[in-house]
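# A structural walkthrough
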There are 2 protein chains.
Amino acid sequence: MKYTEKLRNSGLRPTKQRLQICEVLFDTEKTFHFTINELSLKIKKQIDNKISLATIYNTVHAFEKKGYLKQIPINSNETYFDTNVCDHHHFYDLKKEKLIDLENADVGPIDIKRKIDGKKIKSVEILVKLED
Amino acid sequence: MKYTEKLRNSGLRPTKQRLQICEVLFDTEKTFHFTINELSLKIKKQIDNKISLATIYNTVHAFEKKGYLKQIPINSNETYFDTNVCDHHHFYDLKKEKLIDLENADVGPIDIKRKIDGKKIKSVEILVKLED
DNA sequence: ACACTTTTTTAGAATCATTATAAACTACAT
DNA sequence: ATGTAGTTTATAATGATTCTAAAAAAGTGT
Ligand SMILES: [Mn+2]
Ligand SMILES: [Mn+2]
Ligand SMILES: [Zn+2]
Ligand SMILES: [Zn+2]
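The present account deals with the structure reproduced in this document. Given the structure is predicted, the values throughout are model-derived calculations rather than measurements.

## Details of the coordination of the zinc ion (ligand 3)
All names here are of chain A. With distances of 1.9 to 2.2 Å, the protein atoms coordinating the zinc ion (ligand 3) are H33 (NE2), D82 (OD), H88 (NE2), H90 (NE2) and D101 (OD). Here the donor residues of the zinc ion (ligand 3) share one chain and are spaced in sequence as H-x48-D-x5-H-x1-H-x10-D. Of this pair, H33 sits in strand β1 (residues 33-35) while D82 sits in strand β3 (residues 80-82), and the two are 49 residues apart along the sequence. The exposure class of H33 is buried, given its relative accessible area of 17%. A relative accessible area of 0% places D82 in the buried class.

Structural data, given as structure tokens:
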């Protein structure tokens, strides 16, 4: 199995459920953004057996902790995740409530001039809100 | 009263509760970031009568719609608001779970090269996550 | 002041994404 | 095969937010 190794190396047992969720998340041409609800529907469509909602939450959080998923800060009642874990930025279409990737090349260099004592920059993310 | 005019001009009746919330939000040296829960505690401390939680939610949303408050996109179970409605960016101290304003002068010019057909840019916000 | 309409406040209920619980199940080492 | 820790699951609990509908307050006209 394609993801068995990856999971083992992360200290996660390669269970049937996790492997199936890996397929849904990572066996795609393109990366994508999703909420837990959207992922849950996607799994139902692509997989024959049922995976409980609790397991989906558990797995998404486990994968996020391991760096295989990223949470996107956005004002919504649902949490958004991203299978694209490279540094990149986002458009947010307010009407459609959809995220669009902004490649790093799509944004000029970002210069953060201020420093905070004793703190390091972990990430720099731009959110560009779009209206009609 | 200081805020009566401002509320009337916005089509909001200057009620006792709204005027008191205005004082808590806007009668300060510096702007600040808050969650509804934090604001609720602040109101309890600063004013003698009780304002119901529903009114605090209603008022904050009304003020946000009128542009007197801004919501800050951040990954938290609580919504963060900002009394600083000028364009600006944020540090987010992951340990303390606190936002810190980044003045526009603290950030070099931002160049968004990509365009989306039929969409206008409404805002561009940077979130800089800080770790130890 | 009074009558009338519209907006606002409020306590409490409802919603709903998320997290916790704890029992059954599974992976894996010995 | 047995033991142990990790995982899944149905279900309950949590908690921020929104809804409801009745009472109160604000605004308008007379
Ligand atoms: Mn959320
Ligand atoms: Mn929220
Ligand atoms: Zn993305
Ligand atoms: Zn701010």
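## Describing the interface of chain B and chain A
At the junction of the two partners, chain B supplies 38 residues and chain A supplies 38 residues. Carbon and sulfur atoms make up 53% of the area that chain B and chain A hide from each other, which totals about 3,500 Å². When residues of chain B are sorted by the area they lose upon contact with chain A, R114, K119 and E131 of chain B head the list and together hold 17% of the total. Here chain B and chain A share eight salt bridges between them. One salt bridge connects E125 of chain B with K129 of chain A, and the closest N-O pair in it is separated by 3.5 Å. At the surface where chain B touches chain A, the tally comes to 20 residue pairs in polar contact (both at pLDDT 80 or more). Those elements that provide at least two residues to the side of chain B that touches chain A are β2 (70-72), β4 (89-93), β5 (98-102) and β6 (120-131) of chain B. Sorting elements by how many residues they give to the side of chain B that touches chain A places β6 of chain B first, with twelve residues. A breakdown of the residues in the side of chain B that touches chain A according to their chemical character gives 19 nonpolar, five polar and 14 charged. Pairing between strand β6 (residues 120-131) of chain A and β6 of chain B: eleven bridges, direction antiparallel. Within the sheet, the bridge partner assigned to E131 of chain A lies in β6 of chain B and is K120 of chain B.

## Observations concerning the side chain of E125 of chain B
Looking at where E125 of chain B falls in the secondary structure, it is placed in strand β6. Leave out the neighbours within four places in its chain, and E125 of chain B touches E125, I126, L127 and K129 of chain A together with P73 and H89 of chain B.

## Quick look at the side chain of H88 of chain B
All names here are of chain B. If you trace the backbone, H88 turns up in the loop between β3 (80-82) and β4. By relative accessible area, H88 is classed as buried at 3%. Only 2.7 Å separates the side chain of H88 from the backbone oxygen of C86, close enough to count as a polar contact. Separated by 3.0 Å, the side chains of H88 and H90 make a polar contact.

## A closer look at the packing of aromatic side chains
When we look at a pair of aromatic rings, we describe it by the centre distance and by the angle of the planes. Scanning all chains against the criterion turns up ten aromatic pairs over all chains. Arranged with centres 6.1 Å apart and planes meeting at 35°, the rings of F26 of chain A and F63 of chain A form a pair that is tilted. Linking F26 of chain A in helix α2 (residues 16-26) with F63 of chain A in helix α4 (residues 53-66), this pair joins segments that are 37 residues apart in sequence. Every member of this aromatic cluster is reached through a ring pair, and the members are Y3, F26, F63 and Y68 of chain A. The ring of F32 of chain B carries the charged tip of K42 of chain B above its face, separated from the ring centre by 4.6 Å.

Calculation criteria
- Residues numbered from 1 in each chain as written.
- Chains lettered and ligands numbered in written order.
- Predicted model: local features only at pLDDT ≥ 70, side-chain atom pairs only at ≥ 80, totals over all residues.
- Heavy atoms only, no water.
- Donors = N, O, S within 2.8 Å, 3.2 Å for Na, K, Ca; no water.
- Helix = DSSP H or I, 4+ residues; strand = E, 2+ residues; numbered from the N terminus.
- Buried < 20%, exposed > 50% of the residue type's maximum accessible area, 1.4 Å probe, protein only.
- Contact = heavy atoms within 4.5 Å.
- Buried area = accessible area lost by both parts, 1.4 Å probe.
- Salt bridge = Lys/Arg side-chain N within 4 Å of Asp/Glu carboxyl O.
- Polar contact = N/O pair within 3.5 Å; in protein donor to acceptor, adjacent residues only side chain to side chain.
- Nonpolar A, V, L, I, M, F, W, Y, C, P; charged D, E, K, R; others polar.
- Pairing = 2+ DSSP bridges.
- Phe/Tyr/Trp six-rings, centres within 6.5 Å; stacked < 30°, edge-to-face > 60°.
- Lys NZ or Arg CZ within 6 Å of the ring centre and 35° of its normal.

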